[in-house]
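Secondary and tertiary structure notes
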Amino acid sequence: MPKTVYADNAATTAMSDAAIEAMTPYLKGIYGNPSSLHTVGQVAKEALDKARAETAALIGAAPNEIYFTSGGSEADNQAIRSAAYAGAAKGKKHIISTAFEHHAVLHTLKKLEKEGFEVTYLDVHRHGNITAPEVEAALRPDTALVTVMYANNEVGSVLPVREIGAVCRANKVTFHTDAVQAVGHIPVDVAADNIDMMSVSAHKFHGPKGVGFLYCRNGVQLKNLIEGGAQERKRRAGTENIAGICSMVAALKEAAANLDKNMKKEAALRDKLIAGLSAIPHSRLNGDPVYRLPGNVNMCFEGIEGESLLLLLDAKGICASSGSACTSGSLDPSHVLLALGLPHEVAHGSLRLSLSEYNTEEEIDYILAEVPKVVEYLRSISPVWEELEKGGKPHLI
Ligand SMILES: *Cc1c(COP(=O)(O)O)cnc(C)c1O
């Protein structure tokens, strides 16, 4: 039996050796401030410039379109507020998004609603996706921004970003995408995908926590969230996290170089998991069954509390998640599962297994041996399940 099976890579990933190694020269040795004019500072500045150029090349952008941030949340906040205020200055105060965005997007939108913006949250339907024509139909003359995630962190749906981007481009509406779950996992190219603004986070692709970037296309106005020094071309104040940035680039390069191989490996493990877990009676796969992240499995099991399932799996060394990492600990069912139209009883009982290329076939076999046992045990003590056995109507067939 493997010691720990880490299947919570959508929450965060282990750093790769290359990412750790890329960091150390800047922790010990190259400690300069890139804003300093002396040699020690300029050596750091060169590293920063190189990192920016490499990051840009990996997503099809120009170096001056990359703004390093503290991670995905900051990039989401900055992109959305910036585009909203730029729109408001022209009298446009309508925003289009989806009901299953990450909280970094949803909570920013909620605040903007309090400030007088109007937001249309597109329905993601039972299969957990939207279409470009649905976005087009929601456009209004006063639409300032469309913000739609590239891939969903809970249920793994991959959205038709390229088509949505084309609709936005044709209608001259700014398009932002939270690509935190996509970059490093599936092919992303900001030019081909018609993206104006994109949020990325390093710790979701084996880089360090606390670093990420915002891509903002040249010509798209960017306002700053953090006031202070002139870093990031006056758009993001604060001395740059050079060690984190260089480490992120190393992780991103590694992910790009192995993208096809990793996608194939993860998808094979994912499909094995889905097939095995779907054999459990009264279970359901959540999220888009076709357009799906290679590493995402999200299942509901009738009559079961997600939290209890997680704790029992943890006792067996399996690290998984139920709902979003940000909401676990609260008793509210996941907003993502509710957006899929699942009833509260079922939305409480989801299990997310998110894989990376570090997972092995042996680990998948172990998960497949343990999860059905735990589900069976929990059902044996579940009053909801007892009702079903007595002839109650199940939510999931
Ligand atoms: C993790 C995540 C974020 C937040 O990124 P941080 O770097 O942790 O702030 C935003 N959006 C999505 C989809 C995520 O999965």
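Quick caveat: nothing in here was measured; it's all calculated off a predicted structure.

For the rest of this paragraph, the subject is helix α8 (residues 242-257). When the terminal C-alpha atoms of α8 are compared, their 22 Å separation across 16 residues agrees well with the 22 Å that a helix rising 1.5 Å per residue should span. Within α8, twelve of the 16 residues are buried, which leaves the element mostly enclosed by the surrounding structure. Taken together, the buried residues of α8 touch α1 (17-27), α2 (39-59), β2 (66-69), β8 (212-216) and α9 (259-278).

By nearness alone, 13 residues border the ligand, and Ser 73, Asp 178, Gln 181, Ser 201 and Lys 204 come closest of all. In this structure, Gln 181 approaches the ligand through a side-chain N or O atom, which is 2.7 Å from an oxygen atom. For the ligand, the accessible surface in isolation is 380 Å², of which the surrounding protein chains cover 87%. Split into classes, the residues belonging to the shell around the ligand amount to two nonpolar, eight polar and three charged.

Moving on to the sheet that holds β2. Overall, mixed pairing links the seven strands, which are arranged β2-β8-β7-β6-β5-β3-β4 in an open sheet. Every other strand in the sheet has two partners, leaving β2 and β4 (118-122) as the edge strands with one partner each. Averaged over all pairs of adjacent strands, the angle between strand axes in this sheet comes to 20 degrees, irrespective of strand direction. Relative to β8, β2 runs antiparallel, the two being bridged by four bridges. Following the sheet pairing, Thr 69 is matched in β8 by Gly 212. In the packing of α2 onto the sheet, the strands contacted are β2, β7 (197-201) and β8, and the crossing angle to β2 comes to about 115 degrees. Helix-sheet contacts for helix α3 (residues 72-88) involve β2, β3 (94-98), β5 (143-147), β6 (174-178), β7 and β8, and the interaxial angle to β7 is about 165 degrees.

This part is about unusual backbone geometry. You will see that Asn 194, though not glycine, has its phi angle at about 60 degrees, which is positive. In this structure, Asn 194 sits in the loop between β6 and β7.

Turning next to the environment of Glu 74. With respect to the secondary-structure elements, Glu 74 resides in helix α3. Classification of Glu 74 as buried rests on a relative accessible area of 9%. Once you skip the residues sitting within four places of it in the chain, Glu 74 turns out to touch Thr 69, Leu 225, Ile 226 and Arg 236. Separated by 2.7 Å, the side chains of Glu 74 and Arg 236 make a polar contact.

What follows is about the packing of α2 against α8. For the pair α2 and α8, interaxial distance at closest approach is 10 Å and the crossing angle is 30 degrees. Relative to α8, α2 is oriented roughly parallel. The handedness of the crossing between α2 and α8 is left-handed. Facing α2, whose interface residues are Ala 44, Ala 47, Leu 48, Ala 51, Glu 54, Thr 55 and Leu 58, α8 presents Ile 242, Ile 245, Cys 246, Val 249, Leu 252, Lys 253 and Ala 256.

With that out of the way, let us pick up the packing of helix α10 (residues 306-315) against helix α13 (residues 361-380). Two numbers describe how α10 lies on α13: the axes approach to 10 Å, and their chain directions differ by 130 degrees. In terms of axis orientation, α10 runs oblique to α13. Two packed elements cross with a definite hand, and for α10 against α13 that hand is right-handed. Contact residues: α10 offers Ser 308, Leu 309, Leu 312 and Leu 313, while α13 offers Val 371, Val 374, Val 375, Tyr 377 and Leu 378. Looking at side-chain class alone, the contact of α10 with α13 contains eight nonpolar, one polar and no charged residues.

It is worth spelling out the side chain of Lys 204 at this point. When you line up the elements, Lys 204 lands in the loop between β7 and β8. Lacking a salt bridge, the buried Lys 204 has Asp 178 as its closest oppositely charged neighbour, with an N-O distance of 7.4 Å. Among residues more than four places away in sequence, those in contact with Lys 204 are Asn 9, Ala 10, Ala 11, Thr 13, Val 180, Gln 181 and His 185.

By the definition in use, this model includes 19 salt bridges. Of the charged contacts in the structure, one is a salt bridge between Arg 162 and Asp 193, with a shortest N-O distance of 2.8 Å. Placement of the pair is Arg 162 in helix α6 (residues 161-170) and Asp 193 in the loop between β6 and β7, with a sequence separation of 31 residues. Of the charged contacts in the structure, one is a salt bridge between Glu 386 and Lys 390, with a shortest N-O distance of 3.6 Å. Residue classification places Glu 386 among the partly exposed residues on the basis of a relative accessible area of 44%. Its relative accessible area of 64% is what places Lys 390 among the exposed residues. Each of Lys 50, Glu 54 and Lys 253 takes part in one network of salt bridges that share partners.

The end-to-end C-alpha separation of α2 is 31 Å, in line with the 30 Å expected for 21 residues at 1.5 Å each. Among the residues making up α2, those that are buried are Gly 41, Ala 44, Ala 47, Leu 48, Ala 51, Arg 52, Thr 55, Ala 56 and Ile 59. All buried residues of α2 lie within an arc of 165 degrees about the axis, which places them on one face of the element. Away from its buried face by more than 90 degrees, α2 exposes Thr 39, Glu 46, Lys 50 and Ala 57.

Reading guide: rules and limits
Residues numbered from 1 in each chain as written. Predicted model: local features only at pLDDT ≥ 70, side-chain atom pairs only at ≥ 80, totals over all residues. Heavy atoms only, no water. Helix = DSSP H or I, 4+ residues; strand = E, 2+ residues; numbered from the N terminus. Expected span 1.5 Å × (residues − 1). Buried < 20%, exposed > 50% of the residue type's maximum accessible area, 1.4 Å probe, protein only. Contact = heavy atoms within 4.5 Å. Near = heavy atom within 4 Å. Polar contact = N/O pair within 3.5 Å; in protein donor to acceptor, adjacent residues only side chain to side chain. Areas by Shrake-Rupley, 256 points an atom, 1.4 Å probe, with all protein chains shown as cover. Nonpolar A, V, L, I, M, F, W, Y, C, P; charged D, E, K, R; others polar. Pairing = 2+ DSSP bridges. Axes fitted to C-alpha atoms, helices over the stretch in contact; angles between N-to-C directions. Parallel < 35°, antiparallel > 145°, perpendicular 65-115°, else oblique. Left-handed = near helix turned anticlockwise from the far one by under 90°. Lys, Arg positive; Asp, Glu negative; His and termini not counted. Salt bridge = Lys/Arg side-chain N within 4 Å of Asp/Glu carboxyl O. Arc of directions from axis to C-beta.

In short, geometric facts, not functional conclusions.
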